[in-house]
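Listed below are the residues making up each chain.
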Amino acid sequence: MHGRVWSCIVSTGQTWTVGVTGATGYAGGEVCRLLAGHPNLRLTGVHANSSAGRRLGELQPHLLPFADMVVAPSGPADLAGYDVVVLALPHGESAAVAAQLPADTLVIDCGADHRLNDPAAWARWYGGDHAGSWPYGLPELPGQREKLAGARRIAVPGCYPTSVTLAMAPALAAGLVGPEVVVVAASGTSGAGKSAKPHLLGSEVMGNVSAYGVGGAHRHTPEMIQNLSQAAGAPVTISFTPTLVPMSRGILATCSAKLAPGTDAQAARAAYEQAYADEPFVHLLPEGQWPTTAQVLGANTVALQLAVDPDAGRLIVVAAVDNLTKGTGGAALQCANLALGLPETTGLPLVGVAP
């Protein structure tokens, strides 16, 4: 931003072995894709109970460097020999595995098991016992980078919370808006995972847009509330409506909140410029240019733009993110870089794929 050109830092020297469980799914596959270009993290094992014994190339044919790897089971004993373990498992399945891994193993959970601080929120939205919270893997939040440096347990944020948190945190932290946030976000079908679901068939999705999880029913809601309340220093409420659109990956989140008295467009933009001036993966676009999901496709970046609606008295912030890269797999490796003392941008793409 502001004309600054960021480049992906390539590190040399020490290497760490990495095992990915859930490697046959979308999130796990994205982690593997990014590991193929990482100079310090070496993928040495892929795991998935349902596909154990099969070649990874049968299930993830785009992962050519790892095609001949045989998928192994995902039990704690199978995962105990790595320097880094990435858990790309369904919500509720990570905690039991993580609890049995060595304390000195860097464990990165791409699921929700360790994101929420409040046990009551976990019980309400996911059910069962709360496994406790880990350092939250969104380095762009104030103070989070320091918590991730040297950590051995990290909880990767959800994809919707990544976009919404980065869109609204600066305004709430600066007191520019009130504590009631409205979000309407469009997501591609990969956000629902790789398991076969009738409503995700091509014939159901193509040419169709649908809302789901309406009326505060989406499980990412408490995570967004947690993040934005911390940013504001006071309770925040969120009205969140996700929609499913006919694309494979990407999120476009349109977020708004009522302006505090005296806030204008200049003050709002200044707050965002200050918040993200030194962030390599968050880009506040030049005025008049709006985010698109295409511009962040395959990149570990978030594109932001904001406007003040004077008639409605609201701040509107639009964020675009690739739900599988910065929204999941890229975030996992960004956090791994910090935990291992590597430059934060090592091995992570800053450039999207076009057209």
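Worth saying up front: this structure is predicted, and the values here are computed from it rather than measured. (Residues numbered from 1 in each chain as written. Predicted model: local features only at pLDDT ≥ 70, side-chain atom pairs only at ≥ 80, totals over all residues. Heavy atoms only, no water.)

**Examining the overall build of the protein chain**
For clarity, the threshold we go by: Per the convention used, a helix needs a DSSP run of H or I reaching at least four residues, while a strand needs a run of E reaching at least two, with both numbered from the N terminus. Both definitions apply: the radius of gyration is a C-alpha atom measure, and the globule rule equals 2.2 Å times residues to the power 0.38. The buried label applies to any residue whose accessible area, calculated with a 1.4 Å probe on protein chains only, is under 20% of its type's maximum; exposed applies above 50%, and partly exposed to all values in between. Only heavy atoms matter for contacts: two residues are in contact if any of them lie within 4.5 Å across the pair. We get accessible surface area from the Shrake-Rupley algorithm with a probe of 1.4 Å; when it comes to residues, only the shown protein chains can shield them.
When its secondary structure is counted, the protein chain shows 11 helices and 12 strands. Here the C-alpha atoms of the protein chain give a radius of gyration of 20 Å, agreeing with the 20 Å that 2.2 N^0.38 yields for 355 residues. With respect to the three principal axes, the spread of C-alpha positions in the protein chain is 60 × 45 × 45 Å. By residue count, 53% of the 355 residues in the protein chain fall in the buried class. Sequence separation of at least 24 residues holds for 70% of the intrachain contacts in the protein chain that already meet a minimum separation of 6. Surface accessibility of the protein chain: about 14500 Å² in total, with carbon and sulfur atoms responsible for 56%.

**Here we look at the side chain of Thr301**
Relative to the assigned elements, Thr301 resides in the loop between strand S10 (282-284) and strand S11 (302-309). On the basis of relative accessible area, Thr301 is assigned to the buried category, the value being 4%. Beyond its immediate chain neighbours, meaning those up to four positions away, Thr301 contacts Phe281, His283, Val296, Ala320, Val321, Lys326 and Leu350.

**Some details on the environment of Pro139**
By secondary structure assignment, the location of Pro139 is in the loop between helix H5 (119-125) and helix H6 (144-148). Sequence separation of Pro139 and Asp264 is 125 residues, and the distance between their C-alpha atoms is 28 Å. Apart from residues no more than four positions distant in its own chain, Pro139 is found in contact with Gln144, Arg145, Leu148, Gln334, Cys335, Leu338 and Glu344.

**Topic: the pairing of strand S6 (residues 177-187)**
So the rule is basically this: Paired strands, in this sense, are two strands between which DSSP finds at least two bridges.
Here 8 bridges tie S6 to strand S9 (residues 251-259), and the two strands are oriented antiparallel to one another. Directly across from Ala185, in S9, lies its bridge partner Ala253. Relative to strand S8 (residues 237-244), S6 is paired through 8 bridges, and the arrangement is parallel. Each residue of the ladder has a partner; that of Ala185, found in S8, is Pro242.

**Some remarks on the nonpolar core**
Short version of the rule: In these notes, a set of buried Ala, Val, Leu, Ile, Met, Phe, Trp, Tyr and Cys residues joined through side-chain atoms within 4.5 Å is what counts as a nonpolar core.
With 40 residues, the main nonpolar core has Met168, Val177, Val181, Leu228, Tyr272, Leu304 and Leu315 as its most contacted residues. Considering every element that reaches this core, the biggest residue donor is helix H7 (residues 159-173), with 9 residues. Those residues within four positions of Leu228 in sequence are excluded, and the remaining contacts are Val164, Thr165, Met168, Ala169, Leu172, Val181, Val236 and Ile238. One finds Ala48, Cys110, Ala331 and Leu333 within the second-largest nonpolar core, a separate group that totals 39 residues.

**Observations concerning the pattern of salt bridges**
Convention followed: Salt bridges are counted wherever a side-chain nitrogen of Lys or Arg sits within 4 Å of a carboxyl oxygen of Asp or Glu.
Under the counting rule described, the total for this entry stands at 11 salt bridges. Asp68 is the salt-bridge partner of Arg55, the closest N and O atoms lying 3.0 Å from each other. In this pair, Arg55 is assigned in the loop between strand S2 (41-47) and helix H2 (56-59) and Asp68 in the loop between H2 and helix H3 (76-79), connecting sequence segments 13 residues apart. Judged by its relative accessible area of 35%, Arg55 is partly exposed. Here Arg115 makes a salt bridge to Glu223, at a shortest N to O gap of 3.3 Å. Within this pair, whereas Arg115 is found in the loop between strand S4 (106-109) and H5, its partner Glu223 is found in helix H9 (residues 221-232), the two being separated by 108 residues in sequence. Exposure class is identical for Arg115 and Glu223. Each is buried.

**Details of the sheet that holds S9**
Counted only if it meets this: To get an axis, fit a line to the C-alpha atoms, keeping to the stretch in contact for a helix; angles then go from 0 to 180 degrees between the N-to-C directions.
If you walk across this open sheet you meet the 7 strands as S7-S8-S6-S9-S12-S11-S10, and the pairing is mixed. On the outer flanks of this sheet lie strand S7 (210-211) and S10, each paired with one strand and no other. As paired elements, S10 and S11 share 3 bridges and run parallel to each other. Directly across from His283, in S11, lies its bridge partner Ala303. This element, H9, spans S6 and S8 of the sheet and lies at about 135° to S8.

**Some details on the side chain of Thr21**
Short version of the rule: We define a polar contact as two N or O atoms separated by no more than 3.5 Å, with the added condition that, inside protein, one atom must be a possible hydrogen donor and the other a possible acceptor, whereas residues neighbouring each other in sequence contribute only through side-chain atom pairs.
Within the secondary structure layout, Thr21 lies in strand S1 (residues 16-21). Of the polar contacts made by the side chain of Thr21, one reaches the side chain of Ser74; its length is 2.4 Å. With sequence-adjacent residues up to four places away left out, Thr21 is seen in contact with His47, Ala48, Ser74, Leu79, Val86, Leu87, Ala88 and Leu89.

**Quick word on the confidence of the model for the protein chain**
As a reminder of what qualifies: Scored from 0 to 100, pLDDT records how confident the predictor is in each individual residue.
For the protein chain, the average pLDDT comes to 94, and 96% of its residues sit at 70 or higher. Counted against residues more than four places away or in other chains, residues 1-7, with its pLDDT under 50, gives 19 contacts.

**Comments concerning H9**
Cut-off, in case you're wondering: One fewer than the residue count of a helix, multiplied by 1.5 Å, yields its expected span.
Taking 1.5 Å of rise per residue, the 12 residues of H9 would be expected to cover 16 Å, and the 16 Å separating its terminal C-alpha atoms lies within 8% of that figure. Within the sequence span of H9, burial applies to Thr221, Pro222, Glu223, Met224, Gln226, Asn227, Leu228 and Ser229. Those residues of H9 that are buried are in contact with H5, H7, S6 and S8.

**Things to note about the sheet that holds S1**
Two pairing modes exist for strands in a sheet, parallel and antiparallel, and in both the strands are linked by backbone hydrogen bonds. Read across the sheet, 5 strands follow the order S2-S1-S3-S4-S5 without closing on themselves; strand pairing throughout is parallel. Edge positions in the sheet fall to S2 and strand S5 (153-155), since each has one partner strand and no second. Here the average twist between neighbouring strands, direction ignored, is 20°. Direction of pairing for strand S3 (residues 84-87) relative to S4: parallel, over a ladder of 4 bridges. In the strand pairing of S4, Val84 is matched with Leu106. Along the sheet, helix H1 (residues 26-35) contacts S1, S2 and S3; its crossing angle with S1, the most-contacted strand, is approximately 155°. Against the sheet, helix H11 (residues 325-339) touches S2, S4 and S5, its axis set at about 155° to S4.

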